[in-house]
Amino acid sequence: MTIRIALRNLMHDRIRLAVTLTGVIFAVVLIAVQSGLFVGFTTATSCVIENTEADVWVASRGVRNFDVTHPLRERKYHQVLSVPGVARAEKFIVQFANWRKPEGGMESVEVVGFDLASGLGRPWAMAAGSIEALEVRDTVIIDELYQRKLGVTELGQAVEISDRRARVVGFTRGIRSFTTSPYVFTSFANALEFTHLKPDQLTYVLVLAEPGLDPRELRAAIAAAVDDVDVFTREEFAHKTKWYWMFTTGAGMALVIAACLGLVVGGVVVAQTLYATTMDHLPEFGTLRAMGAKNGYLYKIIMAQAVAAAFIGYFPGIIISHVLVKLAEKGGASILLTWRMSVGLFFLTVIMCVTASFVSIKRVTRIDPAMVFKGA
Amino acid sequence: MAGNGDSLVRVRGLTKDFHTGHVTVPALRGVDLDIRAGEVALLMGPSGSGKTTLLSIMGCILSPTAGSLRIKGRETSGLTEKKLGVLRLEHFGFIFQNYNLFRTLTAAENVQVTLDLKGIRGEEARARVLTALAAVGLPDKAGMRPEDLSGGQKQRVAIARALVGEPEIILADEPTAALDSTNGRLIIGLLRQLALERGRAVVIVTHDPRIQEFADRIVHIEDGLITRDGESA
């Protein structure tokens, strides 16, 4: 009966119901999009690290993230190779460069140079062309998301990177860069040319551990044997990079705050409309109290209203969110909304609405049952 | 069986003061009253005389400032709000001037609320609801919402709601005030019939002199005191 009363009360005033649902939908969409942006950006910041098979990353001392680092000398690479437990080590370059578009104009790009023989650090989602095509000098692979930005219309097109001629021989799909500079994958040798690094320079050493060896042990061994470098396991470096971009730059906090705002605004709207509904039915709650209803009975009605509002508002909200995510994908934005996030958001919506109902519950708790008698 | 003779409700030395700012307004100033099973008692008096306050205290809805209230022999002073709520649910049925029906529920659902509060659900609840609606002459209005019922029909639904829980005492606050004279007489006639047939005590606060003929007893209150208590003429 409590659920029936709750649903009838909720549905009774259609305009108020519409306002309540608007609040819930608004909150769901805002939280979904903002948290999707957060997860999307976070994933993008470390996608190259996490899609590389390397167990350990060696970088110059003081590195703070994947994208910005000082070059290492080649002898560091040889020192790493000599550490017991290293099954394989490869030179790797990540460096910003200028991309001149065929029709004119410049863009900043992030050149990723990897060892073709081992494939450590290679692109992982080829949509067209092949990685092997990078064997040819001055060839690059870009993501199809950035074709327009970089002025590339087809495979084989010639461009310029740092005043050197380059040719696009492959497209990846869905490899986004967190920075505004798209990744440009190429061979290590080509990367040296495009970034103007010296022949004995590199930015990372990527290491594969011998089978059965804990990467953390190898990391410690390399750190002890090679001076003036920072050494991370893959997970550590990915986490460090995510943390840097999300929290030390403020980008992540902005998204978190926006998501929290959605929660607060949605909660306030729901609280207000639930309270208005409660006030509208106050004589009925007073009657229930006079008849001998326990507080729990009244709470159940109000909480059932809140949960019903959450249920009814969540589904259109999450559908709208997924549509927005699909549209954003086409626009190149990095929003990641997984089914786990969708389920989590459902529970968050219920919690938001139930919390919003506390104001009404507090009001009902203070009802004087004597209000039902005129003049008492 | 009720204690203290046949009294279902026994009031002794009851006082009630209301405080507004620094001013204390005495609403009841030492009231003694016994309500017995099977009688219809009217509480009458001018506005502000204290009759609704007395009804509220007898229904364990309002706490007295001093004095004793016994329900079926059980002293109520010192009981917590929770226990008073249980007492109301077990022994009382309430009828209000403005019906106080749930706008969003049907007539049957309104009646069913009482049983739901008592934990009676399912088939038994459905059967009792239909019986109660039939008893007040509304067997065919079970699925209608209050907005689709006339004033007299709404009050009859309210009576069914008060009766369905089989309470010993029915307290009614101006039950005919919002009704025309025909419907008012119908409602009071119904309450009287139920009191006689089922041995309920019915206490009605009213200004309406037209319903005196249905009462066994009329209690006059003025300025918080019972000035007259006698059988209806």
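Residues numbered from 1 in each chain as written. Chains lettered and ligands numbered in written order. Predicted model: local features only at pLDDT ≥ 70, side-chain atom pairs only at ≥ 80, totals over all residues. Heavy atoms only, no water.

**Side note on the pairing of strand β1 (residues 56-60) of chain A**
Residues and elements named next belong to chain A.
Part 1 of the argument: For β1, the buried fraction is high: five of the five residues fall into the buried class.
Part 2 of the argument: Pairing analysis gives five bridges linking β1 to strand β12 (residues 229-233), with the strands arranged antiparallel. Looking at β12, one finds that V58 is bridged to V231. (Buried < 20%, exposed > 50% of the residue type's maximum accessible area, 1.4 Å probe, protein only. Helix = DSSP H or I, 4+ residues; strand = E, 2+ residues; numbered from the N terminus. Pairing = 2+ DSSP bridges.)

**Describing the pattern of salt bridges**
Residues and elements named next belong to chain A.
Part 1 of the argument: In this structure the tally under the stated criterion is 38 salt bridges over all chains.
Part 2 of the argument: The partner of R16 in a salt bridge is D13, and the shortest N-O contact between them spans 3.8 Å.
Part 3 of the argument: For D13, a relative accessible area of 26% corresponds to the partly exposed category.
Part 4 of the argument: A salt bridge links D230 to R61, with the nearest nitrogen and oxygen atoms 3.1 Å apart. (Salt bridge = Lys/Arg side-chain N within 4 Å of Asp/Glu carboxyl O.)

**A look at the interface of chain B and chain A**
Part 1 of the argument: Counting residues at the interface gives 28 residues for chain B, matched by 26 residues for chain A.
Part 2 of the argument: With both sides pooled, the region where chain B packs onto chain A buries about 2700 Å², and carbon together with sulfur makes up 63% of that total.
Part 3 of the argument: The three residues of chain B that bury the most area against chain A are F102(B), R103(B) and T104(B), which together make up 23% of that side's buried surface.
Part 4 of the argument: Remark: the boundary between chain B and chain A carries four salt bridges.
Part 5 of the argument: Note that R8(A) and E109(B) form a salt bridge whose closest N and O atoms lie 2.6 Å from each other.
Part 6 of the argument: Viewed at the interface, chain A and chain B are joined by eleven residue pairs in polar contact (both at pLDDT 80 or more).
Part 7 of the argument: When residues of the side of chain B that touches chain A are traced back to their parent elements, those giving at least two are α1 (51-58), α2 (81-91) and α3 (107-117) of chain B.
Part 8 of the argument: In terms of residue class, the side of chain B that touches chain A is built from eleven nonpolar, nine polar and eight charged. (Contact = heavy atoms within 4.5 Å. Buried area = accessible area lost by both parts, 1.4 Å probe. Polar contact = N/O pair within 3.5 Å; in protein donor to acceptor, adjacent residues only side chain to side chain. Nonpolar A, V, L, I, M, F, W, Y, C, P; charged D, E, K, R; others polar.)

**A few points about the sheet that holds strand β7 (residues 169-173) of chain B**
Residue and element names in this part refer to chain B.
Part 1 of the argument: Spatial ordering of the open sheet is given by β6-β7-β8-β3-β9-β10, a layout of six strands whose pairing is mixed. The sheet is open, and its two borders are formed by β6 (92-95) and β10 (225-231), each paired with just one other strand. Averaged over all neighbouring strand pairs, the angle between strand axes comes to 15°, with direction disregarded.
Part 2 of the argument: In this structure, β6 lies alongside β7, joined through four bridges in parallel fashion. Bridge pairing in β7 places F92 opposite I169.
Part 3 of the argument: Along the sheet, α2 contacts β6 and β7; its crossing angle with β6, the most-contacted strand, is approximately 80°. (Axes fitted to C-alpha atoms, helices over the stretch in contact; angles between N-to-C directions.)

**Things to note about the confidence of the model for chain B**
All names here are of chain B.
Part 1 of the argument: Residues with a pLDDT of 70 or more make up 97% of chain B, whose mean pLDDT is 87.
Part 2 of the argument: α3 holds the highest mean pLDDT among the elements of chain B, 95, whereas helix α6 (residues 181-198) holds the lowest, 80.
Part 3 of the argument: A low-confidence stretch, residues 1-5 (pLDDT under 50), is modelled with eight contacts involving residues beyond four sequence positions or located in other chains.
Part 4 of the argument: The complex model carries a pTM of 0.76, and its ipTM stands at 0.87. (pLDDT = per-residue confidence, 0-100.)

**Observations regarding the packing of aromatic side chains**
Pairs of aromatic rings are described using the distance from one ring centre to the other and the angle between the two planes.
All names here are of chain A.
Part 1 of the argument: Under the definition given, this model contains 21 aromatic pairs over all chains.
Part 2 of the argument: Ring centres of W57 and F237 lie 5.4 Å apart, and the angle between their planes is 40°; this geometry places the pair in the tilted category. Of this pair, W57 sits in strand β1 while F237 sits in helix α8 (residues 234-248), placing them 180 residues apart in sequence.
Part 3 of the argument: Residue classification places W57 among the buried positions, given a relative accessible area of 0%.
Part 4 of the argument: Classification of F237 by relative accessible area gives buried; the value is 0%.
Part 5 of the argument: Taking the centre distance of 6.3 Å and the plane angle of 75° together, the rings of F66 and Y183 count as edge-to-face. Separated by 117 residues along the polypeptide, F66 in the loop between β1 and β2 (72-73) and Y183 in strand β9 (residues 183-187) bring together distant segments of the chain. (Phe/Tyr/Trp six-rings, centres within 6.5 Å; stacked < 30°, edge-to-face > 60°.)

**Here's the deal with the sheet that holds strand β2 (residues 23-36) of chain B**
Part 1 of the argument: Spatially, β2-β1-β4-β5 (chain B) is the arrangement adopted by the four strands of the open sheet, whose pairing is antiparallel. With partners counted over all chains shown, the strands left at the sheet margins are β2 and β5 (74-75) of chain B, one partner each.

**Regarding the side chain of D143(A)**
Residue and element names in this part refer to chain A.
Part 1 of the argument: Here D143 shows up in strand β6 (residues 139-143).
Part 2 of the argument: Buried within the structure, D143 lacks any salt-bridge partner; R176 is the closest side chain of opposite charge, at an N-O distance of 7.1 Å.
Part 3 of the argument: Among the polar contacts made by the side chain of D143, one reaches the main-chain amide nitrogen of R173 at a distance of 3.4 Å. (Lys, Arg positive; Asp, Glu negative; His and termini not counted.)

**Brief notes about the packing of α3(B) against helix α4 (residues 122-135) of chain B**
All names here are of chain B.
Part 1 of the argument: Two elements in contact, α3 and α4, have axes whose closest approach is 9 Å; the angle formed by their N-to-C orientations is 120°. Viewed along their axes, α3 and α4 adopt a mutual orientation that is oblique. Between α3 and α4 the crossing geometry is right-handed. Across from A108, V111, Q112 and L115 in α3, the residues of α4 making contact are A125, R128, V129, A132 and L133. (Parallel < 35°, antiparallel > 145°, perpendicular 65-115°, else oblique. Left-handed = near helix turned anticlockwise from the far one by under 90°.)

**So, the nonpolar core**
Part 1 of the argument: Counting residues in hydrophobic clusters, the biggest one holds 41 residues, and the most contacted among them are V111(B), L133(B), I159(B), L191(B) and I204(B).
Part 2 of the argument: For this core, the elements supplying multiple residues, two or more each, are β3 (40-44), α3, α4, α5 (151-163), β7, α6 and β8 (201-206) of chain B.
Part 3 of the argument: Setting aside residues no more than four positions away along its own chain, L133(B) makes contact with A108(B), V111(B), L138(B), P139(B), A142(B) and A160(B).
Part 4 of the argument: Counting residues in hydrophobic clusters, the runner-up holds 39 residues, among them V28(A), Y244(A), L337(A) and V354(A). (Core = buried A, V, L, I, M, F, W, Y, C linked by side-chain atoms within 4.5 Å.)

**Description of the packing of helix α10 (residues 282-291) of chain A against α2(B)**
Part 1 of the argument: Across the interface, α10(A) lies against α2(B) with an axial gap of 7 Å and an inter-helix angle of 85°. As summarised for this structure, α10(A) and α2(B) are arranged roughly perpendicular, according to the angle between their axes. Where α10(A) abuts α2(B), its residues R289(A), A290(A) and M291(A) lie against E81(B), R88(B) and L89(B).

**Observations regarding the environment of V364(A)**
All names here are of chain A.
Part 1 of the argument: With respect to the element layout, V364 can be found in helix α13 (residues 358-365).
Part 2 of the argument: Judged by its relative accessible area of 0%, V364 is buried.
Part 3 of the argument: Separated by 66 residues in sequence, V364 and L298 place their C-alpha atoms 7.4 Å apart.
Part 4 of the argument: In this structure, V364 is in contact with T278, F285, R289, L298 and I302, ignoring residues within four places of it in sequence.

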